[in-house]
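Listed below, chain by chain, are the residues.
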Amino acid sequence: MEISYKAIVIEEIEPNLFSRSIKQLNTIDLPNGEVLINVKYSSLNYKDALSSSGHKGITKKFPFTPGIDAAGVVTFSKNENFKKGDEVLVTGYDLGMNTSGGFGEYICVPADWIVKIPEGLDSKMAMMYGTAGFTVGVCLNEFARHEISPDKGKILVTGATGGVGSLAVAMLSKIGYEVI
C-alpha cells in the first residue's frame, strides 16, 4: 500500500555529524512488515533522545525515524489477528532504533511486536503511559501471576525518579501497595 506521509528523519551527513528534519516519505519505503499502522501518538523516551543525536550504541543505520513506541490504527494487515481499524500499540523490539519508529505518521512492523489497546484505553492514553507504563503493566501481571498482593508486604521501587520508577510508584500506590 502506497501512502505519502511525514516523519522526523535523522541523517548522518558526515561521520558523527547528524541532521534532524521533517521529511515527506512513502509507506512503500518502510520495512516489509506484516502490519501497517497509522501512528496517532508516540512518546519521547531517553532512548529516543540518544538515537536522535546519533548515538551509535542505539542506532546503527541512517537515515532513520526515531520513536521507540507508537499507538495508532491498523491500516493494512497480512495477519489475521489484526484487522483494519484495530487500535494497537507497539513498544520495544527494534522500533525507532533501526526500524522506522513512532515519530512518523506510519510504521510497518511484524505482527508479534503489536498489542491491541485494551478496552477502556485509547491511543492517546496508551502513549501517556508509554513504554514506561507498559513495563509497569508487565510487572503487575507478574505480581498477579506470582500472587504478590498488597497484603504480602512493602514493595521497594529503585530508580523511583525515572520514567518506569515514577509510574511504578504511582500505579502500585493507587492499587494498594505500600511503596518504599
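Residues numbered from 1 in each chain as written. Predicted model: local features only at pLDDT ≥ 70, side-chain atom pairs only at ≥ 80, totals over all residues. Heavy atoms only, no water.

A. Expanded view of the packing of aromatic side chains. Applying the stated criterion to the full structure yields five aromatic pairs. Note on Phe62 and Phe64: the rings are 5.4 Å apart at their centroids and 75 degrees apart in plane angle, and the pair reads as edge-to-face. Take Phe64: its relative accessible area is 4%, and that puts it in the buried class. An angle of 10 degrees between the planes, with centres 5.2 Å apart, marks the rings of Tyr93 and Trp113 as stacked. Taken as a pair, Tyr93 in the loop between strand S5 (87-91) and strand S6 (106-109) and Trp113 in the loop between S6 and strand S7 (114-116) lie far apart in primary sequence, 20 residues in all. A relative accessible area of 13% places Trp113 in the buried class. Three or more aromatic residues link up through ring pairs in this structure, and these residues are Phe18, Phe62 and Phe64. (Phe/Tyr/Trp six-rings, centres within 6.5 Å; stacked < 30°, edge-to-face > 60°. Buried < 20%, exposed > 50% of the residue type's maximum accessible area, 1.4 Å probe, protein only. Helix = DSSP H or I, 4+ residues; strand = E, 2+ residues; numbered from the N terminus.)

B. Local environment of the side chain of Thr91. Mapped onto the elements, Thr91 comes out in strand S5. At a separation of 2.6 Å, a polar atom in the side chain of Thr91 contacts the side chain of Thr131. If near-sequence neighbours (up to four positions away) are discounted, Thr91 is found in contact with Ile68, Asp69, Trp113, Thr131 and Phe134. (Polar contact = N/O pair within 3.5 Å; in protein donor to acceptor, adjacent residues only side chain to side chain. Contact = heavy atoms within 4.5 Å.)

C. View of the packing of helix H2 (residues 123-145) against helix H3 (residues 163-174). Running from amino to carboxyl end, H2 crosses H3 at an angle of 50 degrees, the nearest separation of the two axes being 9 Å. Between H2 and H3, the angle is such that the two are oblique. With respect to the hand of their crossing, H2 and H3 are arranged in right-handed fashion. Here H2 contributes Tyr129, Ala132, Gly133, Thr135, Val136, Leu140 and Phe143 to the contact with H3, which in turn contributes Gly163, Val164, Leu167, Ala168, Met171 and Leu172. (Axes fitted to C-alpha atoms, helices over the stretch in contact; angles between N-to-C directions. Parallel < 35°, antiparallel > 145°, perpendicular 65-115°, else oblique. Left-handed = near helix turned anticlockwise from the far one by under 90°.)

D. Structural view of the pairing of S5. In terms of burial, S5 is largely enclosed, as four of its five residues are buried. With five bridges joining them, strand S4 (residues 69-77) and S5 adopt antiparallel strand pairing. Across the sheet, Gly72 pairs through a bridge with Val88, a residue of S5. The sheet contact formed by S5 and S7 spans three bridges and is antiparallel. When the sheet's bridge partners are listed, Leu89 is paired in S7 with Val115. (Pairing = 2+ DSSP bridges.)

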